[in-house]
Amino acid sequence: MQVGVGLPNAVPGTAPGALVEWARRADDGPFSSVGVVDRVRYPAFDPLTSLATAAAVTRRVKLTTMVLIAPLRRGAVLAHEAATLHALSGGRLVLGVGLGARRDDYEQAGVSYRGRAARFSEHLQTLRSWWDDDASPSLLVGGSSDAAFARAARFADGYVHGGGPPRAFERAAERARAAWFDAERPGEPRLWGQGYFALGDAAERGREYMLDYYAFTGSFAERIAEGMLSTPQAVVSFVKGYADAGCDEVVLFPAVSDPEQLDRLADAVSAL
Amino acid sequence: MRVAVAGGGPGGLYLGLLLAKARPDARIEVFEKNPRGATYGWGVVFSDRTLASFREADPETYEQIVDAFALWDVIEVRYGDDVVRCGGQVFSGMARRRLLDILQTRCEEVGVTLRFETEVGPGDVGDYDLVVAADGIHSRFRAAHAAALGPRIVEGRARYVWFGTTCPFDSFTFVFRPAEPGLFQAHVYPFDGSTSTFIVECDEATWRRAGLDAATESESIAFCEEVFARDLRGHPLLSNQSRWLTFPTLRTRRWWQDRTVFLGDAVHTAHFSIGSGTKLAMEDAIALARELTRKPNLRAAFGAYELDRKGVVDRFQQAARESQQYFESTARYMDLDTEQFVFHLLTRSGRVGYDDLRLKDPGLIDRVDTWFSRGGGAGGRFAPPPAFSPCALGPLELPNRIAATSAVTDSSSDGVPDARVAAAVDRAAGEGAALVVVPDVAVTPEGRTTSGSPGLYDDAQAEVWARILKRPSAARLVHAGRRGATRPRHRGLDRPLGEGAWPLLAASRVAYGANAVPAEIGRADMDRVREGFVAASRRAAAAGFDAVVVDCARGYLLGSFLSPLANVRADEYGGAIEARARYPLEVVAAVRGEWRGALGVSIAAFDGARGGVAFDDVLWAARQLRRAGCDFVEVTAGGAVPGAVVPYDPYTLPSYADRIRHEAGIAVLLGGAISTVGRVNTLVASGRATLCAVMPRRRPSAAPA
């Protein structure tokens, strides 16, 4: 299993320079990828633009969206943008796509919330027909519904989980694999996971961010915040748990944007 | 703040007292239409001991509630002449009246005003800032706000009635008693040391045959006392304004409107067999009181409350639905041996499996193992787990109940299996399964899924298969139909080949997703393809396959005949199931005529899309397949159209397999999300499957880089 690190593209107050610095340092570190999230309504940098910027200052790491809310964009334009980023980055894009969890992202984007699932499936078809099989980004589908697993099996190269303890990942991965084999796809689905971290003194600030970012989930936000990795031991236990659960790559997203967090995470991950 | 709580059941009272503690500024009145001390319900049962939230919410009442509990850790099943006690099943119960006493007293302690014999409706609460509708399944407030709330009620199919009894039962007890009009079952739970709730349930037809639709309460009691005479041992059934009911499952889109918020049975119900109604109502009260304290206004509090509780309630309703469906269909299982009947009952929802039960009650599971491995005969004390009992599929004897499907490959040329096919078969054979199922073996060149699919349509192919097979193996014979001529599947399914594509054949001119529109297959091609299946089975014999599986699922050619979503023919091969199944049955019969090994057929239990195949039609087809000499069916789902949704949970597909196996009387090979021996044990011992296809082992995850 590989371990990637998220960029703080949706942590309010992140300076543009800090985002670039994160990407640069992640490329120097023990990380396999840099990830971004997608929120239109929340103060955030746009995911593909952030990754394009990261691409320019990195050579090695994969560039991953976890996930990009596909129905907010036009299918062919998204296919074009993703293919461009993939080509210009030297083949490093991993496009994770999903429906997103918030209605207000759709409202903000001026896109109908109704019918988003059907539009999403059309987009996936468009991406596949637009791209050249041999030079296309890795495509991952996220979500937790039966339909999400079916879409991943039908169109994608794998499944990206939305976060949670290793056991939750394992259950979702089992369903993703069942859908995959039942659909008679060759090989194995790529399985990606994710978590949040804020280490040392930053833990409390990280917690506040999580509560704010996930406020739309009600009191569930507290459980998400509790799952945030705030110690090196928690990081090691989480990563090993994901490895045991069959994860191919787990991306740890920062809940605070201080670049020194990257060093702390690198230390913890190096101990694995 | 003035608060009106409509309904003085456990949920309403608990909300009142919690809110009074948290918001001393609130003036709270609870309105209850019945007098103090009256209650129309015997005991309440809590399905587990996770009452930690009660302790946190109000330690005073928690202590009293726990003191009043009857706790038991056995489920007793009475079936035929047998009484089976299943250990490790913790439940707790108490008299509803005692629970109300505790909550009423505590309400008054903290300053809540209780108004008995006062019913309030939507027209009576104009002066209140907040209205909590805890007025039960027949909520007047919900009726008044129905347009905004979007309630949906689904009535259960069974009839049931609540009684009490003084006959001492010591644990949660399920009683199954066949009588002249049909099967009657009782759900019994003790609650106060001397009384038990005694719920009698039967299906509608039985209820009418017994004349209970026209019976008075005392006639019903007399009837039930006779049916359950050996269980009641001379004790009477006690009346409780007992009427025969159907169980209404209520789901509500939205749980609040303006300043009125709903909790408990007023917005959601869950079948009594999982014993969660009171627990859910009281947990609602905890969440609502918390949010009302924490959030700045009602709207925010209601929203947070609904968000918090809806997911939990959905999960319980799902479990309740599964349990309810089981109890509505138990008559189907009256021919099972006791061991299997009990095991099937305990694993009804898919949430509890063989491994859980072995931990809870090892002796019971030893008994199940022994029973299973002796083929129902008695004798011996120890036996291997069911997954490792031998079975026979027609002439094919297998040492265990596990099948492994080899991976599909798209790199063969001219249908001749290549090194990747060999490697895939090798890998599957190396897992220790009794049977390797080789998927996607084409019976004609145009029946291939991709240009790289292997086949059995010429002798050269058969010779290669003979070299790579690890016995015993099954070839799943496929004509891909409208899913043919696609690009290799490593980057997605059903993408038309474009250059080099061949014309497609299907039941009707209905395209599969973006794939090309197929031609409607005519009689000449039907003959040719049928002979392709027969010739492929002949070659399968030569190649050393022990079984063939004719694929009538997955949206392939034969599957496209069975599904009304893909078959719109107006001739004798389209329309009703007898017509839609005509050609698939013709092919199966023709193969049976030549093939001497084990014969299986893949069928879809459901299409997973609106307008898909009816399950009665699937059952009909399965019975026909058995009569046609088919030895087993492979039960799958989805596939008829792209975008079909198949829940890969431990419940859905197994419950269809269960019905196919029992009602069509045919062996079942079941796949889906099965990856552990424990799951195989669960499915096989319960009789839901004869054997299971397990998923490939997950790649070992190397240490993180």
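The rules behind each value
Residues numbered from 1 in each chain as written. Chains lettered and ligands numbered in written order. Predicted model: local features only at pLDDT ≥ 70, side-chain atom pairs only at ≥ 80, totals over all residues. Helix = DSSP H or I, 4+ residues; strand = E, 2+ residues; numbered from the N terminus. Rg over C-alpha atoms; globule rule 2.2 N^0.38 Å. Buried ≥ 20, exposed ≤ 12 C-beta atoms within 10 Å, placed from the backbone. Contact = placed C-beta atoms within 7 Å. Pairing = 2+ DSSP bridges. Axes fitted to C-alpha atoms, helices over the stretch in contact; angles between N-to-C directions. Core = buried A, V, L, I, M, F, W, Y, C linked by C-beta atoms within 7 Å. Nonpolar A, V, L, I, M, F, W, Y, C, P; charged D, E, K, R; others polar. Arc of directions from axis to C-beta. Parallel < 35°, antiparallel > 145°, perpendicular 65-115°, else oblique. Left-handed = near helix turned anticlockwise from the far one by under 90°. pLDDT = per-residue confidence, 0-100.

S.K.: Is there a simple way to explain the overall build of chain A in this structure?
M.R.: Each helix and strand in chain A was counted, giving 11 helices and eight strands. Expected size for 272 residues packed as a compact globule is a radius of gyration near 19 Å; at 17 Å, chain A falls within 12% of this value. A principal-axis box enclosing the C-alpha atoms of chain A has dimensions of 45 × 40 × 35 Å. Each of the 272 residues in chain A was classed as buried or not, and the buried ones make up 55%. Residue pairs in contact within chain A that sit at least 24 positions apart in sequence constitute 79% of those at least 6 positions apart.

S.K.: Any chance you could explain the overall build of chain B here in plain terms?
M.R.: Each helix and strand in chain B was counted, giving 23 helices and 28 strands. For chain B, the C-alpha radius of gyration of 30 Å lies close to 27 Å, the compact-globule estimate for 705 residues. Taken along its principal axes, the extent of the C-alpha atoms in chain B is 90 × 60 × 60 Å. Across the 705 residues that make up chain B, the buried fraction comes to 53%. Residue pairs in contact within chain B that sit at least 24 positions apart in sequence constitute 72% of those at least 6 positions apart.

S.K.: Honestly, the sheet that holds strand β28 (residues 691–694) of chain B in this entry has me stumped. Any pointers?
M.R.: The pairing of strands in a sheet comes from backbone hydrogen bonds and takes either a parallel or an antiparallel form. Residues and elements named next belong to chain B. Sheet architecture is closed into a barrel: eight strands sit in the order β19-β20-β21-β24-β25-β26-β27-β28, paired in parallel fashion. Pairwise comparison of adjacent strand axes, ignoring direction, gives a mean angle of 25° for this sheet. Relative to strand β24 (residues 547–552), strand β21 (residues 473–478) is paired through four bridges, and the arrangement is parallel. Each residue of the ladder has a partner; that of A475, found in β24, is V548. Relative to strand β20 (residues 435–442), helix α15 (residues 419–429) is tilted by about 155°, and along the sheet it contacts β19 (402–405) and β20.

S.K.: Please explain the nonpolar core as it appears in this structure.
M.R.: It is characteristic of soluble globular proteins that their nonpolar side chains tend to be buried jointly. Ranked by size, the top nonpolar core spans 307 residues in total, and within it V548(B) and C692(B) carry the most contacts. In this structure C692(B) touches R401(B), I402(B), A403(B), L670(B), I674(B), V680(B), L683(B) and V684(B), once residues within four positions along its chain are discounted.

S.K.: Mind showing me how you'd approach the pairing of strand β8 (residues 151–155) of chain B here?
M.R.: Taken residue by residue, a regular strand's side chains alternate between the two faces of the sheet. All names here are of chain B. The buried fraction of β8 amounts to zero of the five residues, a small share that puts the element mostly on the outside. Both β8 and strand β14 (residues 248–252) contribute to a ladder of five bridges, which runs antiparallel. Bridging across to β14, I153 finds its partner in L250.

S.K.: Help me out: how do you make sense of the interface of chain A and chain B in this one?
M.R.: Frequently, the measure chosen for interface size is the accessible area that the parts lose on association. On the chain B side, the residues contacting the 36 residues of chain A number 37 residues. Residue assignment for the side of chain A that touches chain B shows that the elements contributing at least two residues are β1 (2–6), α5 (116–130), α6 (146–155), α7 (166–182) and α10 (232–244) of chain A. A total of seven residues in the side of chain A that touches chain B trace back to one element, the largest contributor, which is α7(A). Within the side of chain A that touches chain B, the residues separate by chemical class into 15 nonpolar, nine polar and 12 charged.

S.K.: What exactly am I supposed to notice about the pairing of strand β5 (residues 138–142) of chain A here?
M.R.: All names here are of chain A. Counting buried residues in β5 gives four out of five residues, a clear majority hidden from the surface. Across four bridges, strand β4 (residues 93–98) lies against β5 in parallel orientation. Counted as the bridge partner of V97 is V141 from β5. Sheet topology places β5 next to strand β6 (residues 158–160); three bridges connect them, and they run parallel. Bridge assignment links G142 to a residue of β6, and that residue is V160.

S.K.: Explanation requested: unusual backbone geometry in the structure shown.
M.R.: Backbone geometry follows two general trends: most residues other than glycine have a negative phi, and most peptide bonds adopt the trans configuration. The omega torsion across M66(A) and V67(A) is -10°, close enough to zero to call that bond cis. Topologically, V67(A) is positioned in strand β3 (residues 62–69). Here R554(B), not a glycine, exhibits a phi torsion of approximately 60°, which is positive. The residue R554(B) is located in the loop between β24 and α18 (557–562) in this model. Exposure remark for R554(B): the 26 C-beta atoms within 10 Å place this residue in the buried category.

S.K.: Looking at this structure, how should I read the sheet that holds strand β7 (residues 190–197) of chain A?
M.R.: Residues and elements named next belong to chain A. Ordered by their spatial adjacency, eight strands build a closed barrel running β1-β2-β3-β4-β5-β6-β7-β8, and the pairing between neighbours is parallel. Direction aside, the axes of adjacent strands within the sheet are offset by 25° on average. Across three bridges, the pairing between β6 and β7 is parallel. Residue Y159 lies in a different strand from β7, and its bridge partner there is L191. Of the strands in this sheet, β1, β7 and β8 (249–254) are in contact with helix α11 (residues 260–270), which crosses β1 at around 170°.

S.K.: Looking at this structure, I do not really get the environment of R688(B). What am I missing?
M.R.: Residue and element names in this part refer to chain B. Position of R688 among the secondary structure elements: in the loop between α23 (677–685) and β28. The exposure class assigned to R688 is buried, which follows from the 25 C-beta atoms found within 10 Å. Here the alpha-carbon distance between R688 and L669, two residues 19 residues apart in the chain, equals 9.6 Å. In contact with R688, not counting residues within four places along its chain, are P654, A657, D658, R661 and L683.

S.K.: What is the right way to read the environment of A156(A) from this model?
M.R.: All names here are of chain A. Residue position: A156 is located in the loop between α6 and β6. Judged by the 28 C-beta atoms lying within 10 Å of it, A156 is buried. With 24 residues separating them in the primary sequence, A156 and W180 have C-alpha atoms 9.8 Å apart. In this view, A156 contacts L139, L140, V141 and R151; residues no more than four positions away in its chain are not counted.

S.K.: Can you help me understand the environment of T173(B) in this one?
M.R.: With respect to the element layout, T173(B) can be found in strand β10 (residues 172–179). Among residues more than four places away in sequence, those in contact with T173(B) are E76(B), R78(B) and V188(B).

S.K.: What is the right way to read α11(A) from this model?
M.R.: Since one α-helical turn is 3.6 residues long, residues separated by three or four positions face the same way. All names here are of chain A. Looking at α11, one finds that the buried residues are Q261, L262, L265, A268 and V269. The arc enclosing the buried residues of α11, seen along the axis, measures out at 125°, which places them on a common side. Residues E260 and S270 are exposed on α11 and point more than 90 degrees away from its buried face.

S.K.: Help me understand the packing of helix α3 (residues 75–88) of chain A against α5(A) in this model?
M.R.: How two helices sit against one another is set out by the angle between their axes and by the gap between those axes. Residues and elements named next belong to chain A. Contact geometry of α3 with α5 gives a least axis separation of 9 Å together with a crossing angle of 45°. As the angle between them shows, α3 and α5 are arranged oblique. Crossing hand, α3 versus α5: right-handed. On α5, the residues touching G75, A76, L78, A79 and A83 of α3 are E122, H123, T126, L127 and W130.

S.K.: Would you take a moment to explain the confidence of the model for chain B for this structure?
M.R.: Reading predicted coordinates in detail is not appropriate for stretches of low pLDDT. When pLDDT is averaged along chain B, the result is 93, and 98% of the positions lie at 70 or above. Per the prediction output, this complex has pTM 0.92; the corresponding ipTM is 0.93.

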